[in-house]
Every structure is written in structure tokens, then in C-alpha cells.
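Structure assessment
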Amino acid sequence: MASDFEAQLRSVSLRVTRPRLAVLAALRDNPHVDTETVIALVRADHPKVSHQAIYDVLRALTDAGLVRRIQPAGAIARYESRVGDNHHHVVCRRCGAIADVDCVVGHAPCLTPSNDHGYVVDEAEVVYWGTCPDCTCP
């Protein structure tokens, strides 16, 4: 899998570094995690990687389009490596759990605005809110 990550980094002209590979692996295995969780996951295997290095890596990967930063209203920013498919999210109002919701109808951006005001729309962001199964059960 590391070679896949290396190819991804090179495809967007980013140097292959141990922190970048570690962050990509952490996000592949743990979607929708916050920065502090990414730091803990990376430092479990690479204890000398600084907090600032991980913040910088997240910014670089997000800017390059390899990582997506999401921030539902009232929540802290989360990161995921699933990019480029215009999927959406469902968020639990109680515990904050997040799950992916595929774009199930039509072509991207999944929704057609009633008035696009002349914009060329290429993405729609939808957040569904509710209560997850763990929080629903008594």
C-alpha cells in the first residue's frame, strides 16, 4: 500500500516523506478523524513526528486534493482520504459519529439547484443529521 501512497504523492508533485505516508495510512484506516486523532495515530508508529509536521501534512494533502477536510456545523474539522466522488455525510447529533453517504441519483453534483445564478456547479455538499444506531438504542 505504501507504493500506492507514494504514487499518489508524486502524482500531485509532493515529496514522499514518512509523515505524509503515515497520515495517508491513518486516514485510509480511520476516516472522519480529527487532527488530534491523526496525531495520536501517526505518533503511535512514529513518536518523533511533531504536531506541527502533522498539521503541515494535513494542509498540504488537503491543498493537493488527496485528503478532504469536512467540518459539519458546530463540529471540529475532520479528515478523510475518500476524495473525488462527491459523496456526502450523515452526522449523529448526540455523539458526532460520521458516516459516508454515496451520491445515489444522477451525475455529480447529485443535486441541481433551482437557480444556479450563472455558476458552473461542479460539487454539492449535503450533510444529513440524525441519531446513529449506537445512540438510538436504550
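Residues numbered from 1 in each chain as written. Predicted model: local features only at pLDDT ≥ 70, side-chain atom pairs only at ≥ 80, totals over all residues. Heavy atoms only, no water.

**Digging into the side chain of R78**
In this structure, R78 sits in strand β2 (residues 78–80). Lacking a salt bridge, the buried R78 has D34 as its closest oppositely charged neighbour, with an N-O distance of 5.1 Å. Reaching out from R78, the side chain makes a polar contact with the backbone oxygen of G96 at a distance of 3.5 Å. Those residues in contact with R78 that sit more than four places away from it in its chain are H32, V33, D34, R68, R69, I70, G96 and I98. (Helix = DSSP H or I, 4+ residues; strand = E, 2+ residues; numbered from the N terminus. Buried < 20%, exposed > 50% of the residue type's maximum accessible area, 1.4 Å probe, protein only. Lys, Arg positive; Asp, Glu negative; His and termini not counted. Salt bridge = Lys/Arg side-chain N within 4 Å of Asp/Glu carboxyl O. Polar contact = N/O pair within 3.5 Å; in protein donor to acceptor, adjacent residues only side chain to side chain. Contact = heavy atoms within 4.5 Å.)

**Things to note about helix α4 (residues 51–64)**
Here α4 is 14 residues long and its end C-alpha atoms lie 20 Å apart, about the 20 Å a rise of 1.5 Å per residue gives. Among the residues of α4, I54, V57, L58, A60 and L61 are the ones counted as buried. Looking straight down α4, one finds its buried side chains confined to an arc of 165 degrees; they lie on one side. At the C-terminal side of α4, G65 shows a positive phi close to 85 degrees. (Expected span 1.5 Å × (residues − 1). Arc of directions from axis to C-beta.)

**A look at the packing of helix α3 (residues 35–45) against α4**
The N-to-C vectors of α3 and α4 enclose an angle of 115 degrees; their axes lie 10 Å apart at closest approach. Relative to α4, the crossing made by α3 is right-handed. Between α3 and α4, the contacting residues are T35, E36, V38, I39, V42 and R43 on the first element and H51, I54, Y55 and L58 on the second. (Axes fitted to C-alpha atoms, helices over the stretch in contact; angles between N-to-C directions. Left-handed = near helix turned anticlockwise from the far one by under 90°.)

**What to know about α3**
By the burial criterion, the buried members of α3 are T35, V38, I39 and V42. Down the axis of α3, the buried set is contained in an arc of 100 degrees. They therefore lie on one face. Facing away from the buried surface of α3 by more than 90 degrees, the exposed residues are A40 and A44. Where α3 is buried, its residues contact α2 (18–29), α4 and β2. One side-chain oxygen of the residue at the start of α3 lies 3.3 Å from the amide nitrogen of E36, identifying that residue as D34.

**Examining unusual backbone geometry**
In terms of backbone geometry, most residues other than glycine have negative phi values and most peptide bonds are trans. Residues other than glycine seldom take positive phi values, yet H32 does so here, at roughly 65 degrees. Counting through the fold element by element, H32 comes out in the loop between α2 and α3. Although it is not a glycine, H117 adopts a positive phi angle of roughly 50 degrees. Looking at the secondary structure, you find H117 in the loop between β4 (98–101) and β5 (127–130).

Read these as layout, nothing more, since geometry by itself doesn't imply function.
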